[in-house]
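The primary structure of each chain is shown beneath.
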Amino acid sequence: MDGTAADVVLICPGGTTHRALDAARLLRARGIAAHVLVPARLYPPDLEPVLPLLADARLVAVAEESTEGGTWGAEIAARVHTRIWWHLRSPVLQLNSADSVVPTAPHLESRVLLGAERIAAEIEKGAARSLQPRTPAAPPPLAPLVAAGSGTAGAGTGEQPAAAAVDSAEPAAGAPVAVPKLNNNDTAYLVVRWFADDGAYIGEGDPLVELETSKAVEEIAAPADGHLRIRAAEGSEVGVGDLLAELLADPPGAPAPDTSALTPSDERVAAPVPAAAPVDPPAQEPAPAARTHVLGRAQQGTAAVVTRAHREVPVAFAAVEVRVDAVLARLRTLSDETGAEVGLPEAVVKAVAAVHPAFPHLFGTLVDERTVRLADTVDIGVTVDAGNGLYIPVLRDCAGRSLADLSDDLMDFRMKAFRAEFTAGELSGGCLSVSLNTEPGVLFVQPIVMAPQLCMVSVGGRLTRLVLEDGVPTSTTVVTLGLAYDHRVVNGRDATAFLRAVADALHDAEGLVACADPQ
């Protein structure tokens, strides 16, 4: 540490030093200068010599391997906040291991313990947030920072760059609504939806916004009355303490009262114009009470997605009928061989993934009116409805994984749907989706297209048909495969060819079971 100002100052105990230094190297590659401070004595900490350095930094962070709460890092953060809080551009960032039992598997252990990658990622997000204007309820008094024994302000120059930044920040125009800490596992949440439009009047205690954590969707109520000014859009990720919205006394953008025609004395003595006497509305017969059904939060979220899809995506649809006797027989044998319950949904997902090399643009994302971004891996979303809402979690690398592996993941998704505990990561990132509607008697289903995806495959229930085999009537089992597709990118010829290719993959039961990554 050479005494020069840094973007970030990272304080850590000796046991975390190597991870902190690795994180500092990662941050340097990303254009963020970081100082790492390792105290020679943990308690009582001697912070006086480094207070000027902390005051000049954009962000101060404390990293330790213990879980959050009642720790040495919390003590350091409290002391830094107490001494120089008016110079800090954002709260001291505390980085800890996850509040969880440490798994024995190395790849799972790395998700729990605090590592260099997570330190760097959290600091990068925190440093970005520190550039945003602060919105305290009342600005704190500014006071000179005195280094130990020096008798001089700041870093010995009398300058207060951090304090100046706070003083010039735009104050909140109303009551700020910050992101609360909802659990000990997450430091950021997903904004699912707002219950009111920007500018609408909200009463204290009314539902305001839904945030998705790694465990559930949480509803945040309005802390005060006011007109809503939204600061975080639906679908964005927000960190604990970030500004979600403001509740204003007047609607956003409302013009100020025009007093240009009044003299100063007129302004002091002008009396309000008396209001007209209220007129009672005509008496009306009370309407009979109507029976109502209130949609659950999950269904309201589905409604928002469907509405957006119908508004933005020009959808067309094609369908074909596919005989599945051979593949169903082979799946029963495979289930006995592997112990996994492999069924038609997994087979359809695998068949769709198998045709990816021939139809890469159907698995892409529309960038602009003439460009499609192609997917590197075949990650396919599947619909799961356990009766408490529709979810579309994503099966990863469907081209390179076995049917048994996909079956295990799909079973795990069904259990998570019952408990409503999907994470945002499990519900995002798919390049194409499959709508599973395999109940008996379902002829076919025409699904929507989940923007920014371009296609959704649907599979209906099993149906029995009589066909002629060598002139003899024979019973066979069929399903209807459908494809809803974005007509801006996919034409009917491509859609039909795609469905026929998927049907051919289903007919080749042995090839489907043995299918590896075709790329």
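Residues numbered from 1 in each chain as written. Predicted model: local features only at pLDDT ≥ 70, side-chain atom pairs only at ≥ 80, totals over all residues. Heavy atoms only, no water.

Student: Would you explain the overall build of the protein in this entry?
Tutor: Per the secondary structure count, the protein includes 13 helices and 23 strands. Considering the protein as a whole, with its 519 residues, one finds that 39% of them fall into the buried category. Sequence separation of 24 or more characterises 68% of the internal contacts of the protein that already satisfy a separation of 6 or more. Working note: accessible area of the protein is about 27600 Å², and carbon and sulfur atoms make up 54% of it. (Helix = DSSP H or I, 4+ residues; strand = E, 2+ residues; numbered from the N terminus. Buried < 20%, exposed > 50% of the residue type's maximum accessible area, 1.4 Å probe, protein only. Contact = heavy atoms within 4.5 Å. Areas by Shrake-Rupley, 256 points an atom, 1.4 Å probe, with all protein chains shown as cover.)

Student: Would you mind going over the sheet that holds strand S4 (residues 93-97) with me for this structure?
Tutor: Either a parallel or an antiparallel arrangement is found when strands of a sheet pair, and the pairing is made through backbone hydrogen bonds. Reading across from one edge, S2-S1-S3-S4 is the order of the 4 strands in this open sheet, with parallel pairing throughout. Each edge of the open sheet is held by one strand with a lone partner, namely strand S2 (34-37) and S4. Averaged over all pairs of adjacent strands, the angle between their axes in this sheet comes to 20°, without regard to strand direction. Here 4 bridges tie strand S1 (residues 8-11) to S2, and the two strands are oriented parallel to one another. Counted as the bridge partner of Val9 is His35 from S2. Across the sheet, helix H5 (residues 116-129) is in contact with S1, strand S3 (59-67) and S4; its angle to S4 comes to roughly 155°. (Pairing = 2+ DSSP bridges. Axes fitted to C-alpha atoms, helices over the stretch in contact; angles between N-to-C directions.)

Student: Honestly, the environment of Leu27 in this entry has me stumped. Any pointers?
Tutor: When you line up the elements, Leu27 lands in helix H1 (residues 17-29). Here Leu27 falls in the buried class, since its relative accessible area comes to 1%. Along the chain, Leu27 and Ala120 lie 93 residues apart, while their C-alpha atoms are 6.0 Å from each other. When neighbours within four sequence positions are excluded, Leu27 is seen to be in contact with Ile32, Ala34, Ala120, Ile123 and Glu124.

Student: So what exactly am I meant to see when it comes to unusual backbone geometry here?
Tutor: Working note: non-glycine residues mostly have negative phi, and peptide bonds are mostly trans. A cis amide bond links Tyr43 to the next residue, Pro44, at an omega of -10°. Unusually for a residue other than glycine, Asp397 sits at a positive phi of about 50°. Residue placement: Asp397 occurs in the loop between strand S19 (394-395) and helix H11 (403-419). The exposure class of Asp397 is partly exposed, given its relative accessible area of 30%. For Asp470, which is not a glycine, the phi torsion comes out positive at approximately 55°.

Student: Hey, could you run me through the side chain of Arg19 in this one?
Tutor: Turning to its location among the elements, Arg19 is positioned in helix H1. In this structure Arg19 comes out as buried when scored by relative accessible area, which is 15%. Not counting the four nearest positions on each side in its chain, Arg19 is found in contact with Glu65, Leu114, Gly115, Ala116 and Ile119.

Student: I keep staring at the pairing of strand S10 (residues 226-230) and nothing clicks. Help me out?
Tutor: In summary, the side chains of a regular strand alternate between the two faces of the sheet. Where strand S7 (residues 201-202) and S10 come together, 2 bridges link them in antiparallel fashion. Counterpart to Tyr201 in the pairing with S10 is His227. Sheet topology note: the S10/strand S12 (residues 243-248) ladder contains 4 bridges and is antiparallel. Bridge pairing in S12 links Ile230 to Ala245.

Student: Which parts of the structure should I look at to understand the sheet that holds strand S6 (residues 188-194)?
Tutor: Strand order in the open sheet formed by 4 strands is S9-S8-S6-S11, with antiparallel pairing between adjacent strands. What marks the edges here is a single partner per strand, and that holds for strand S9 (217-221) and strand S11 (237-239). Sheet twist, expressed as the average angle between the axes of neighbouring strands with direction ignored, equals 40°. Inspection of the sheet shows strand S8 (residues 207-212) paired to S9 by 5 bridges, in the antiparallel sense.

Student: When you look at the pattern of salt bridges in this model, what are you seeing that I'm missing?
Tutor: Oppositely charged side chains can pair when the atoms bearing their charge come close. Tallied over the entire structure, the rule returns 22 salt bridges. Among the charged side chains, a salt-bridge network with shared partners connects Arg30, Glu117 and Glu124. (Salt bridge = Lys/Arg side-chain N within 4 Å of Asp/Glu carboxyl O.)

Student: Any chance you could explain helix H12 (residues 492-507) here in plain terms?
Tutor: In an α-helix, one turn spans 3.6 residues, which is why side chains three or four residues apart end up on the same side. In a regular helix each residue adds 1.5 Å, so 16 residues correspond to 22 Å; H12 covers 23 Å between its end C-alpha atoms and thus fits that length. For H12, the full list of buried residues reads Ala495, Phe498, Leu499, Val502, Ala503, Ala505 and Leu506. Buried residues in H12, looked at end-on, bunch into an arc of 160°, giving them a common side. Counted as exposed and oriented over 90 degrees from the buried face of H12: Arg493 and Arg500. Buried residues in H12 make contact with strand S13 (315-323), helix H9 (325-338), helix H10 (344-354), strand S21 (455-459), strand S23 (472-486) and helix H13 (509-513). (Expected span 1.5 Å × (residues − 1). Arc of directions from axis to C-beta.)

Student: What should I look at first to understand the packing of aromatic side chains in this one?
Tutor: When we look at a pair of aromatic rings, we describe it by the centre distance and by the angle of the planes. Tallied over the full model, the rule gives 6 aromatic pairs. Note on Trp85 and Trp86: the rings are 6.1 Å apart at their centroids and 80° apart in plane angle, and the pair reads as edge-to-face. Between the aromatic rings of Phe359 and Phe498, the centroid separation amounts to 5.6 Å while the plane-to-plane angle is 85°, which identifies the pairing as edge-to-face. Taken as a pair, Phe359 in the loop between H10 and strand S14 (365-368) and Phe498 in helix H12 lie far apart in primary sequence, 139 residues in all. Taken individually, Phe359 and Phe498 each receive the classification buried, so the pair is uniform in this respect. Taken together through their ring pairs, the aromatic side chains of Phe359, Phe363 and Phe498 make up a single cluster. (Phe/Tyr/Trp six-rings, centres within 6.5 Å; stacked < 30°, edge-to-face > 60°.)

Student: Even after reading the chapter, I still don't get a nonpolar patch on the surface, so can you show me in this structure?
Tutor: A surface patch of nonpolar side chains, amounting to about 310 Å² of accessible area, comprises Met411, Met415 and Phe418. For Phe418, the location among the structural elements is in helix H11. When its relative accessible area of 55% is taken as the criterion, Phe418 is described as exposed. (Patch = residues over 30% accessible without salt bridge, like charges linked within 9 Å, V, L, I, M, F, W, Y side chains within 5 Å.)

Student: So what exactly am I meant to see when it comes to the pairing of S23 here?
Tutor: The buried fraction of S23 is high, at 11 of 15 residues. The pairing of S13 with S23 spans 9 bridges and is classified as antiparallel. Within S23, the residue paired with Ala318 across the bridge is Leu483. In this sheet, S23 lies alongside S21 in antiparallel orientation, the contact comprising 5 bridges. Bridge assignment links Ser458 to a residue of S23, and that residue is Gly482. Taken together, strand S22 (residues 463-469) and the strand that follows it, S23, pair antiparallel across an intervening segment of 2 residues, in which Asp470 is found at a positive phi of about 55°.

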